[in-house]
Amino acid sequence: MAAIHFAPAAMRGGKTFRPEDLQGTWTVLYFYPKDSTPGCTTEGLDFSALAPQFAALGAVIYGVSRDSLASHEKFMCKHGFAFELISDGEESLCRAFDVIQEKMNFGKKYFGIVRSTFLINPQGEIVREWRKVKVAGHAQEVLAALQTAQNLSVS
């Protein structure tokens, strides 16, 4: 698989998320529509609750939306998320992973993030993806897929 290319995206503390950050460790990259909405909060809490299990398997979790760093900071602090959120206001990451699509809400069409998750191996390759994610049970499903992928890579 070809390397994934995108412009660096902002993280708190002046850090940036770069393509090379997808190398050297298992990565769960999940895209969500908006901070502090019910589904996005539940998804973040679910991933946060399982963060120690992901870490025990050598995996890092990142949540990505187009919200600002200030919004992310407030969202993370309010819920105590055990992972970083990436601000992709320029939509570089979103476009690289093709998660910006036309949506409809109350009869109005707009372009927004379709809830999606990607499991990336230490070589930077996507080994599993989930599109149009339903939140309930999703974080557990990703953890199970990570365990399976690691078992397959050892075989």
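Criteria and thresholds
Residues numbered from 1 in each chain as written. Predicted model: local features only at pLDDT ≥ 70, side-chain atom pairs only at ≥ 80, totals over all residues. Heavy atoms only, no water. UniProt positions renumbered as here; feature names shortened; annotations may be inferred. Buried < 20%, exposed > 50% of the residue type's maximum accessible area, 1.4 Å probe, protein only. Helix = DSSP H or I, 4+ residues; strand = E, 2+ residues; numbered from the N terminus. Pairing = 2+ DSSP bridges. Right-handed = clockwise from strand over helix to strand, strands pointing away. Core = buried A, V, L, I, M, F, W, Y, C linked by side-chain atoms within 4.5 Å. Contact = heavy atoms within 4.5 Å.

- In the annotation of an unreviewed UniProt entry, the entry for the protein reads thioredoxin-dependent peroxiredoxin, and the organism field reads Suttonella indologenes.
- Heading Function (unreviewed entry) of the UniProt record for the protein holds this comment: "Thiol-specific peroxidase that catalyzes the reduction of hydrogen peroxide and organic hydroperoxides to water and alcohols, respectively. Plays a role in cell protection against oxidative stress by detoxifying peroxides and as sensor of hydrogen peroxide-mediated signaling events."
- We quote the UniProt Catalytic activity (unreviewed entry) comment for the protein here in full: "a hydroperoxide + [thioredoxin]-dithiol = an alcohol + [thioredoxin]-disulfide + H2O".

1. Overview of the pairing of strand β4 (residues 59-65)
Okay, step 1: Most of β4 sits inside the fold, with six of its seven residues counted as buried.
Okay, step 2: Pairing of strand β3 (residues 26-31) with β4 involves six bridges; the strand directions are parallel. Bridge pairing in β4 links F31 to V64.
Okay, step 3: Chirality of the crossover, the property in question, places the unit of β3, helix α1 (residues 38-56) and β4 among those that are right-handed.
Okay, step 4: In this structure, β4 lies alongside strand β5 (residues 84-87), joined through four bridges in parallel fashion. Bridging across to β5, Y62 finds its partner in E84.
Okay, step 5: For the handedness criterion, the β-α-β arrangement of β4, helix α2 (residues 69-79) and β5 is classed as right-handed.

2. What about the nonpolar core?
Okay, step 1: In terms of nonpolar packing, the biggest core is built from 25 residues, with F47, F54, I61, L85 and L119 touching the most fellow members.
Okay, step 2: Listed by contribution, the elements that provide at least two residues to this core are β3, α1, β4, α2 and α4 (138-154).
Okay, step 3: With six residues, the top contributor of residues to this core is α4.
Okay, step 4: If we ignore the near neighbours within four places in the chain, the residues touching L85 are A10, M11, Y30, Y32, G63, H72, F75 and M76.
Okay, step 5: With 19 residues, the next largest nonpolar core counts M11, L29, Y62 and I86 among its residues.

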